[in-house]
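Each chain, written out:
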Amino acid sequence: MTVTPGWYMALAAVLFVIGASGILLRRNALVMFMSVELMLNAVNLTFVAAGRELNVIDGQISVLFVMVVAAAEVVVGLAIIVAVFRRRKTASVDELAGLRG
Amino acid sequence: MVELVLFVVFAAAALFGAVTMVWARNPVYSAMGLMLSMFSVAVFYVSNGAHFIAAVQVIIYAGAVMTLFLFVIMLIGVDKAETRTENLPLQRPAALGLIALFGAGVVVAGRSAWVTGRTVSPGSPIDGSIEEVGGELFNNWLLPFEITALLLIIAAAGAIALAFFRDDEEGDA
């Protein structure tokens, strides 16, 4: 039994769904942020598996760019979380209702 | 055969790490679960021939990004474990329903045949070495690569600007 790229894509889909469930179920902003990272990783795995299936290297180039954007996103996002925590003393998104009107 | 064993072992590790990340109440455990998932994905990169990407994954994600996450977790405190009580009564069942719907949609989309117009390229299988990735990156993707430099500078400047905010400016909380 050989492992085809479809197996990796199926696993990536499951990882993506778990990440999406983390976004929906958790209220800690840090854990929600980690869930975003998990979803990005799942998509990266899909890119690599598709690139192997089609025998092109473009998938790996895409993964490289996704990693750069994710790194920039982590820097800014964590800075925002720290700034909010310094102001509100909480990292729970349920208590950030300042825009509720 | 080796790839099958690697896939089974590290798929289990990746799923365990991901579920741990979502389920753990302590954010440190969540970070550890995510790190396990990221290492497993790096193993999958290797078995798919993306050796350079696997190295970058371990260095940047499992190294730098997770260290940053752990720093922030330590900074804002790990002693306050999140309670599982939900203020909105319908939120959690609705979320689980949406997750199930999304998973079913992924399964349906994955089982149907998609025609993207892209055919399998001839030639020897790609090996994802630094030479191959770098050659493609600097020949065909040079402008996007330069733009990422701009993006990283903007992100660094934005993080520094956010760090300069002080509570005593307006202080509504």
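The model shown is predicted, which means the values in this text are computed figures rather than measured ones. Here, residues in each chain are numbered from 1, in the same order as that chain's written sequence. Starting at A for chains and at 1 for ligands, labels are handed out in the order in which the entities are written. In keeping with the model being predicted, local features are shown solely for residues with a pLDDT of at least 70 and side-chain atom pairs are shown and tallied solely at 80 or more, while totals for entire chains, interfaces and linings include all residues. Only hydrogens and water are removed before side-chain values are computed, so all heavy atoms of the structure are retained for them.

1. Considerations on the overall build of chain A
Scanning chain A for helices and strands turns up 3 helices and 0 strands. It is over C-alpha atoms that the radius of gyration is taken, and the globule rule equals 2.2 Å times the number of residues to the power 0.38. Over its C-alpha trace chain A gives a radius of gyration of 17 Å, far above what one expects of a compact globule, namely 13 Å for 101 residues. Projected onto the principal axes, the alpha-carbon positions of chain A cover approximately 55 × 25 × 20 Å. In this scheme, a residue with accessible area under 20% of its type's maximum is buried, one over 50% is exposed, and one in between is partly exposed, where area comes from a 1.4 Å probe on protein chains only. Sorting the 101 residues of chain A into buried and exposed places 57% on the buried side. Two residues form a contact once any of their heavy atoms are found within 4.5 Å. Within chain A, contacts between residues separated by at least 24 positions form 59% of all contacts whose residues are at least 6 apart in sequence. The Shrake-Rupley method, run with a 1.4 Å probe sphere, supplies the accessible areas, and residue values consider only the shown protein chains as cover. Summed over its atoms, the accessible surface of chain A is roughly 3,900 Å², and 70% of this surface lies on carbon and sulfur atoms. For helices the rule is a DSSP run of H or I covering at least 4 residues; for strands it is a run of E covering at least 2, with both sets numbered from the N terminus onward.

2. Some points on the packing of aromatic side chains
Side-chain rings of Phe, Tyr and Trp (the six-membered ring for Trp) are treated as a pair once their centres are within 6.5 Å; stacked means planes under 30 degrees apart, edge-to-face means over 60, and tilted covers the remaining angles. Counting across every chain of the model gives 8 aromatic pairs over all chains. A ring pair is formed by Tyr8 of chain A and Phe7 of chain B, whose centres lie 5.1 Å apart and whose planes are at 90°; its orientation type is edge-to-face. Note that Tyr8 of chain A is positioned in helix α1 (residues 5-25) and Phe7 of chain B in helix α1 (residues 2-23), a pairing that runs across two chains. The pair formed by Tyr8 of chain A and Phe7 of chain B is uniform in burial state, with each residue classed as buried. Ring geometry for Phe7 of chain B versus Phe44 of chain B: centroids 5.7 Å apart, planes at 40°, classification tilted. One end of the pair, Phe7 of chain B, is in helix α1; the other, Phe44 of chain B, is in helix α2 (residues 27-47), with 37 residues separating them in the sequence.

3. Regarding the confidence of the model for chain B
For chain B, mean pLDDT is 84; residues scoring 70 or higher make up 84% of the total. Mean pLDDT per element in chain B: helix α4 (residues 91-111) of chain B is the minimum at 79, and α2 of chain B is the maximum at 93. You can read pLDDT as the predictor saying how much it trusts each residue, on a scale of 0 to 100.

4. Considering α1 of chain B
With 22 residues, α1 of chain B should cover 32 Å at 1.5 Å per step; its first-to-last C-alpha distance of 31 Å lies within 8% of that length. Listing the buried residues of α1 of chain B in full gives Glu3, Leu4, Phe7, Ala11, Ala13, Ala14, Gly17, Ala18, Met21 and Val22 of chain B. Where α1 of chain B is buried, its residues meet α1 and α2 (29-54) of chain A together with α2 of chain B. To estimate how far a helix should extend, the number of its residues minus one is multiplied by 1.5 Å.

5. With respect to the interface of chain A and chain B
Counting residues at the interface gives 64 residues for chain A, matched by 84 residues for chain B. Values labelled buried area give the accessible surface lost by two parts on being combined, using a 1.4 Å probe and summing over both. When chain A packs against chain B, the two sides together hide about 6,800 Å² of surface, and 71% of this comes from carbon and sulfur. Salt bridges are defined as contacts in which a side-chain nitrogen from Lys or Arg sits within 4 Å of a carboxyl oxygen from Asp or Glu. Put simply, chain A and chain B have 1 salt bridge between them. A salt bridge links Glu3 of chain B to Arg52 of chain A; its shortest N-O distance comes to 3.2 Å. Under this definition, polar contacts are N or O atom pairs within 3.5 Å; protein pairs additionally need one hydrogen-donor-capable and one acceptor-capable atom, and for neighbouring residues in sequence, both atoms have to be side-chain atoms. Taken together, the connections running from chain A to chain B amount to 7 residue pairs in polar contact (both at pLDDT 80 or more). Elements with a minimum of two residues in the side of chain A that touches chain B: α1, α2 and α3 (58-88) of chain A. Here the element with the most residues in the side of chain A that touches chain B is α3 of chain A; it accounts for 23 residues. Gly counts as polar in this scheme, as do all residues outside two lists: the nonpolar Ala, Val, Leu, Ile, Met, Phe, Trp, Tyr, Cys and Pro, and the charged Asp, Glu, Lys and Arg. A breakdown of the residues in the side of chain A that touches chain B according to their chemical character gives 44 nonpolar, 9 polar and 11 charged.

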